[in-house]
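So you can see what is in the structure, the chains are spelled out below.
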Amino acid sequence: MDTPPARYCPSRNEGRHCTRPLGHPGLHRRGALLWSEASADPPRCTGSGAPGSPARELPDGYPGGRALCERCLRFIALDATGRLVEHDATDADETDAEVARRREWFNTIGW
């Protein structure tokens, strides 16, 4: 039986991810580094607008022509010029199924 993927806080500070669970109280944390919302990075991923190309696909076609963003490690659509569309570093609406498929892709293909 597959275990649902762990969900962590989406806050970042200088690109470092908070390692506390979603909805945690208090400061964000990564190791000994602590930060508040006031010093958190903006949600827009710095990989937005970077050149990209469609990632290799699994036999069923996943990730469906999307490119892997090297900053947030999510699959992102490309615009007409081959650049990653503007996106946030995390997506609160991302499904467990998408997280599991991305995990499968990394375990099968890697980067």
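Residues numbered from 1 in each chain as written. Predicted model: local features only at pLDDT ≥ 70, side-chain atom pairs only at ≥ 80, totals over all residues. Heavy atoms only, no water.

Visitor: Residue-level account of the layout of surface pockets, with values.
Guide: Quantified by volume, the second largest pocket comes out at close to 280 Å³. If you go around the second largest pocket, you meet 17 residues; those closest to its centre are Pro-51, Gly-52, Leu-68, Cys-69 and Glu-70. Of the residues in the lining of the second largest pocket, the class split is eleven nonpolar, three polar and three charged. (1 Å grid on protein atoms, 1.4 Å probe; cavity = no way out; pocket = protein on both sides within 12 Å on 5 of 7 lines; lining within 4 Å. Points joined across faces, edges and corners; volume = space filled by probe spheres on them. Nonpolar A, V, L, I, M, F, W, Y, C, P; charged D, E, K, R; others polar.)

Visitor: Now, about the environment of Glu-57: what can you tell me, with residues and values included?
Guide: Structurally, the position occupied by Glu-57 is in the loop between β4 (33-35) and β5 (67-68). The exposure class of Glu-57 is partly exposed, given its relative accessible area of 45%. Each C-alpha atom of the pair Glu-57 and Gly-31 lies 35 Å from the other, and the pair is 26 residues apart in sequence. Glu-57 has contacts with Tyr-62, Pro-63, Gly-64, Gly-65 and Ile-109, leaving out every residue within four places of it along the chain. There is a polar contact of 3.3 Å between the side chain of Glu-57 and the backbone nitrogen of Gly-65. (Helix = DSSP H or I, 4+ residues; strand = E, 2+ residues; numbered from the N terminus. Buried < 20%, exposed > 50% of the residue type's maximum accessible area, 1.4 Å probe, protein only. Contact = heavy atoms within 4.5 Å. Polar contact = N/O pair within 3.5 Å; in protein donor to acceptor, adjacent residues only side chain to side chain.)

Visitor: Pulling in residues and values, what's your account of the pattern of salt bridges?
Guide: Throughout the structure, instances matching the rule amount to eight salt bridges. Here Asp-60 ties to Arg-101 by a salt bridge, and the two come within 2.8 Å at their closest N and O atoms. Of the two residues, Asp-60 is situated in the loop between β4 and β5 and Arg-101 in helix α1 (residues 96-108); the sequence distance between them amounts to 41 residues. A relative accessible area of 53% places Asp-60 in the exposed class. Exposure remark for Arg-101: the relative accessible area of 22% places this residue in the partly exposed category. (Salt bridge = Lys/Arg side-chain N within 4 Å of Asp/Glu carboxyl O.)

Geometry only, nothing functional implied.
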